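Secondary and tertiary structure notes
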Amino acid sequence: MSVRLLPAGIERQTVSRSDAVAAPPVVAGSAPPPRAPERRQEGDASWFTGFAARQSRLNQHTTAAQRALAFLEALQPRLRDLGRRLGADPGGAGGPPPPGGSLEEGRALWGQRHAISGGTLDGELGFFPGGDARQAFRLRGLDRAALALAEGETLTFYPRGMGRPARTLYLAADGDLPSRVARLEQSLAPAGIRVRLDADGEPTLSILESAWDGLREQLLVQGGGRRFPSGWPTRVAAEPVPGRIAPAQWQVEDTDGRRETFRQTSATLTVVEQARTDLTRMLAESASTVYAEHRRPGRATLGAGAHAFAAALAEGSRYRRGRA
């Protein structure tokens with residue numbers, strides 16, 4: 001006997017076998033016998049739900065690692081070439097060409113880091129599997145000295161410019177530096193901006209790299225005191241915090257510059273190689289996890305899957321079952 005799926009409700013075909021048992025006739029005037037309620041055996045699909053959730057996270061993590069590796073594998077040979085040219089004797093015959101062109105190529109590639117890696121690598125080559133690498137910055141006029149002023153002041157931030165949602169806060173006159181930083185953090189968090197004190201005690205802000213260009217071009221601040229005395233929204237310079245890796249600052253015009261750039265190139269190459277090793281190991285571990293998750297399930301798991309499938313069929317509104 002085979003089971004046939006038909007696309008409309010439940011339909012049972014006539015049984016044409018000779019040993020089929022006919023239903024008892026209904027006596028006129030008597031009520032038909034009550035039908036026993038159907039008992040549905042619900043399948044426990046929790047095992048499959050958990051498996052699917054784990055696989056989804058694993059897929060996202062793996063894709064992020066692959067995008068990060070794509071950028072690192074493009075950057076690594078450029079750094080090696082730049083280091084080779086910088087390490088050569090400038091006056092030697094038959095040596096490599098000047099490093100200027102190689103440096104420009106490295107800078108250009110670094111400028112595409114966010115796009116190529118999908119936001120999975122920040123300016124320190126830290127890995128962010130959610131694609132949410134952040135850009136740290138400082139605001140001119142809102143440094144440690146300005147926040148430490150005794151005067152209170154009401155500040156209004158326009159992260160996306162005039163006409164967009166604004167964030168207003170009051171810096172109390174009796175507040176200390178940590179409490180004022182915490183107040184800034186609380187007020188600017190809905191705009192995706194974080195505020196921290198760095199190792200030197202300077203207030204440092206950060207935002208998703210994908211939103212950095214827009215913030216830098218549109219941010220306005222309005223104050224009413226010594227920090228921002230204009231009294232109306234004014235464009236404020238948002239200055240990126242340079243990280244350990246800053247190719248824009250490398251230069252090869254003189255001997256000292258070449259020597260320092262060679263040192264920074266070598267250090268960056270070490271960071272790149274370590275990051276590649278970590279990501280490669282992560283991908284290998286992910287592959288092992290996938291293999292382990294796909295091991296042949298036991299009888300109990302198979303039974304649960306069969307019950308879950310049967311329950312899904314029973315609840316599927318547009319399919320019905322018939323015998324052929």
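Preceding this paragraph is the structure being described.
Now for a quick tour of the structure.

Let us look at the pattern of salt bridges. Applying the stated criterion across every chain, the model contains 17 salt bridges. Note that Asp198 and Arg138 form a salt bridge whose closest N and O atoms lie 2.5 Å from each other. Of this pair, Asp198 sits in the loop between strand 5 (194-197) and strand 6 (203-208) while Arg138 is found in strand 2 (residues 134-139), placing the two residues 60 residues apart along the sequence. With a shortest N-O distance of 2.4 Å, Arg140 and Glu239 are connected by a salt bridge. With a gap of 99 residues between them, Arg140 in the loop between strand 2 and helix 4 (144-147) and Glu239 in strand 9 (residues 238-240) connect regions that are remote in the sequence. Among the residues examined, Glu239 registers a relative accessible area of 33% and is labelled partly exposed. One connected set of salt bridges, linked through shared partners, spans Asp81, Arg84 and Arg85.

The element strand 6 is extensively covered by neighbouring structure, given that 5 of its 6 residues are classed as buried. Here strand 2 pairs with strand 6 via 4 bridges, running antiparallel. Note on strand 6: the bridge partner recorded for Gln135 is Ile207. Sheet topology note: the strand 5/strand 6 ladder contains 4 bridges and is antiparallel. The residue bridging Arg194 from the neighbouring strand is Ser206, located in strand 6. Taken together, strand 5 and the strand that follows it, strand 6, pair antiparallel across an intervening segment of 5 residues, in which Gly201 is found at a positive phi of about 85 degrees.

In this section: the packing of aromatic side chains. Here the structure, examined in full by the defined rule, presents 2 aromatic pairs. Each ring, one from Phe71 and one from Trp110, has its centre 6.1 Å from the other, and the planes form 55 degrees; the classification is tilted. Of this pair, Phe71 sits in helix 1 (residues 46-87) while Trp110 sits in helix 2 (residues 100-111), and the two are 39 residues apart along the sequence. A single burial state applies to Phe71 and to Trp110, both of which are buried. Both rings, one in Phe137 and one in Trp212, keep their centres 5.3 Å apart while their planes meet at 40 degrees; by these two values the pair is tilted. In this pair, Phe137 is assigned in strand 2 and Trp212 in helix 6 (residues 209-218), connecting sequence segments 75 residues apart. Taken as a pair, Phe137 and Trp212 share a single burial class, namely buried.

What counts and what doesn't
Residues numbered from 1 in each chain as written. Predicted model: local features only at pLDDT ≥ 70, side-chain atom pairs only at ≥ 80, totals over all residues. Heavy atoms only, no water. Salt bridge = Lys/Arg side-chain N within 4 Å of Asp/Glu carboxyl O. Helix = DSSP H or I, 4+ residues; strand = E, 2+ residues; numbered from the N terminus. Buried < 20%, exposed > 50% of the residue type's maximum accessible area, 1.4 Å probe, protein only. Pairing = 2+ DSSP bridges. Phe/Tyr/Trp six-rings, centres within 6.5 Å; stacked < 30°, edge-to-face > 60°.

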